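# Observations on the three-dimensional arrangement
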Amino acid sequence: MLTRRAALAALAGTASLALTVSACGKEREGSSQSRSEGGTVGIAMPTQSSERWLADGKSVVEGLKRRGYKTKLVYGDDDPKAQLSQIGTLIEQGVDALIIAAIDAKSLNGVLQRASDARIPVISYDRLILGTGNVDYYVSFDNEMVGRIEANYIIEKLGLEKGKGPFNIELFAGSPDDNNTKYFFKGSMALLQPFLDSKQLVVPSRQTGLGQLTTPRWDGPTAQKRMSGLLTRWYVGRTLDAVLSPYDGISRGVLSALEAQGYGSAGRPLPIVTGQDAELPSVKSIIAGRQSQTVYKDVRVLAGAAAWMVDDILRGRATRINDRFSYNDGVKDVPAYLLQPQSIDKTNYEVLVRDGYYTAEELT
């Protein structure tokens, strides 16, 4: 049920099978020398308000420092104009490469032209930057697979493939300015749509189009407000059985709205609620029986991939990719290296401890 381009699923994260491409065509004169002397990499992250992005920033810095690089880490705090200014400053400071997790995927064309003019290679980190020919590589998890994992969890838990139903479901999506949003949603709907068509799944609100479902800045309180409105309008006398949520922060907002209207009580169990990023509060919520599931993406591995990609580029070596054509930024297909995510629920959350992602004490 989960298969998406089976060959890609087999390849992703497997270095021995990964494709290679020559390092950045814009390689600057003396870049290898800069590397041997400890070049500097600029890292632009979107926000400090998310546990996930704090972990990414720390992990990218550590991965680069292990390879002898200096780093300049900045956070845009969910302000696209601030991030634009920060990236411009990093270019002026003469960084050797840029790793960027964009706040607004469509707002960086001008500043990345400046990076290109300065022959600074750019890696788009986790969120594909759009509308520019000046992104050299993309490193992320398989975003469609994330959506498929969330949808498959709902399908399995409701027994839809066994013919059970009908069940009521509501759908949430990520931020409209994040290119990943459409990939998560596409992956989910590839599996859910047949059950919507057969009426085994019913959306009482009739809000099923991506434009109706997005959550600006992935904001939990915004999701909570929308969920409250849905419950008030559409669920008088109805029971909500499942919520497709693409991210843990949204999931926590959804759960707050549900519990405020009596879900989670003895006679009214919480619906299935999915999530993503295995954030600590949500993993604790899963253990406590509130949130149902999350998608684990080990950001240490993602950060490590970005670090060795930078190292390859600045040394003038071929770097690994495993997807050439899935991620078009509106100007070109951006060569990508994709990692595989994993579903986590109450039955297997111990993998987070085994991997050293959290300690057992943190989860108590």
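Going by the structure above, here's the rest.
This write-up is about the structure you can find in this document. Because the structure is a prediction, the values reported are computed rather than measured.

Checked against the element boundaries, Thr319 lands in strand β12 (residues 319-321). Here the side chain of Thr319 touches Asp312 through a polar contact of 2.9 Å, side chain to side chain.

With 30 residues, the main nonpolar core has Leu64, Ile99, Tyr125 and Val310 as its most contacted residues. Put simply, the parts of the chain that give this core at least two residues each are β2 (40-45), α3 (51-66), β4 (97-100), β5 (122-125), β6 (137-141), α12 (299-315) and β13 (336-339). Among the elements that make up this core, the one with the highest residue count is α12 (10 residues). Sequence-distant contacts of Val310, defined by excluding residues within four places in its chain, comprise Val41, Leu64, Tyr69, Ala97, Ile99 and Ile123. Counting 25 residues, the second-largest nonpolar core is a separate cluster that includes Leu90, Leu108, Val122 and Tyr327.

On to the environment of Thr364. Inspection of the secondary structure puts Thr364 in the segment after α13 (351-354). Thr364 sits in the exposed class, given a relative accessible area of 75%. Between the alpha carbons of Thr364 and Lys284 there is a distance of 7.4 Å; along the sequence they are 80 residues apart. Looking at Thr364, its side chain comes within polar contact range of the main-chain oxygen of Glu361, at 2.6 Å.

It is worth spelling out unusual backbone geometry at this point. Following Gly165, the chain continues to Pro166 via a peptide bond in cis, the omega torsion being 5°. Within the secondary structure layout, Pro166 lies in the loop between α6 (143-158) and β7 (167-171). Of note, Asp78 is a non-glycine position whose phi angle comes to about 65°, a positive value. You will see that Asp277, though not glycine, has its phi angle at about 105°, which is positive. Its location among the elements puts Asp277 in the loop between β10 (272-273) and α11 (280-287).

Strand pairing in a sheet is mediated by backbone hydrogen bonds. Such pairs are either parallel or antiparallel. The four strands lie next to each other as β8-β7-β9-β10, forming an open sheet whose pairing is parallel. Each edge of the open sheet is held by one strand with a lone partner, namely β8 (201-202) and β10.

Taken in spatial order, the six strands make up an open sheet running β3-β2-β4-β5-β6-β13, and their pairing is parallel. Two strands lie at the open edges of the sheet, namely β3 (70-75) and β13, each paired on one side alone. Put simply, the sheet's adjacent strands are angled 15° from each other on average, direction ignored. When β6 meets β13, the two strands line up parallel, connected through four bridges. If you follow Ser140 over to β13, its bridge partner there is Leu338. Its contacts with the sheet put α12 on β2, β4, β5, β6 and β13, and the angle it makes with β5 is roughly 170°.

A separate point is the pattern of salt bridges. Per the counting criterion, the structure on display carries 14 salt bridges. Salt-bridge contacts for Asp312 lead to Arg317; the nearest nitrogen and oxygen are separated by 2.9 Å. One salt-bridge network, in which partners are shared between bridges, spans Arg52, Asp56, Asp126, Asp277 and Lys297.

Locating Pro271 in the fold gives a position in the loop between α10 (248-260) and β10. Judged by its relative accessible area of 4%, Pro271 is buried. Spatially, the C-alpha atom of Pro271 lies 6.1 Å from that of Leu240, the residues being 31 residues apart in sequence. Not counting residues up to four positions away in its chain, the partners in contact with Pro271 are Leu240, Asp241, Ala242, Val243, Leu258, Tyr263 and Ser292.

Three or more residues of α11 are buried, namely Leu280, Ser282, Val283, Ser285 and Ile286. Taken together, the buried residues of α11 touch α3, α10, β11 (293-296), β14 (342-345) and α13.

The subject of this paragraph is the packing of α6 against helix α7 (residues 180-197). Relative orientation of the contacting elements α6 and α7 amounts to 35°, with a least axis distance of 7 Å. As α6 packs across α7, the resulting crossing turns out to be right-handed. Between α6 and α7, the contacting residues are Asn143, Glu144, Val146, Gly147, Arg148, Glu150, Ala151, Asn152 and Ile155 on the first element and Asn180, Tyr183, Phe184, Lys186, Gly187, Ser188, Ala190, Leu191, Leu192 and Phe195 on the second. The residue makeup of the contact of α6 with α7, split by class, is nine nonpolar, six polar and four charged.

Conventions we followed
- Residues numbered from 1 in each chain as written.
- Predicted model: local features only at pLDDT ≥ 70, side-chain atom pairs only at ≥ 80, totals over all residues.
- Heavy atoms only, no water.
- Helix = DSSP H or I, 4+ residues; strand = E, 2+ residues; numbered from the N terminus.
- Polar contact = N/O pair within 3.5 Å; in protein donor to acceptor, adjacent residues only side chain to side chain.
- Core = buried A, V, L, I, M, F, W, Y, C linked by side-chain atoms within 4.5 Å.
- Buried < 20%, exposed > 50% of the residue type's maximum accessible area, 1.4 Å probe, protein only.
- Contact = heavy atoms within 4.5 Å.
- Pairing = 2+ DSSP bridges.
- Axes fitted to C-alpha atoms, helices over the stretch in contact; angles between N-to-C directions.
- Salt bridge = Lys/Arg side-chain N within 4 Å of Asp/Glu carboxyl O.
- Left-handed = near helix turned anticlockwise from the far one by under 90°.
- Nonpolar A, V, L, I, M, F, W, Y, C, P; charged D, E, K, R; others polar.

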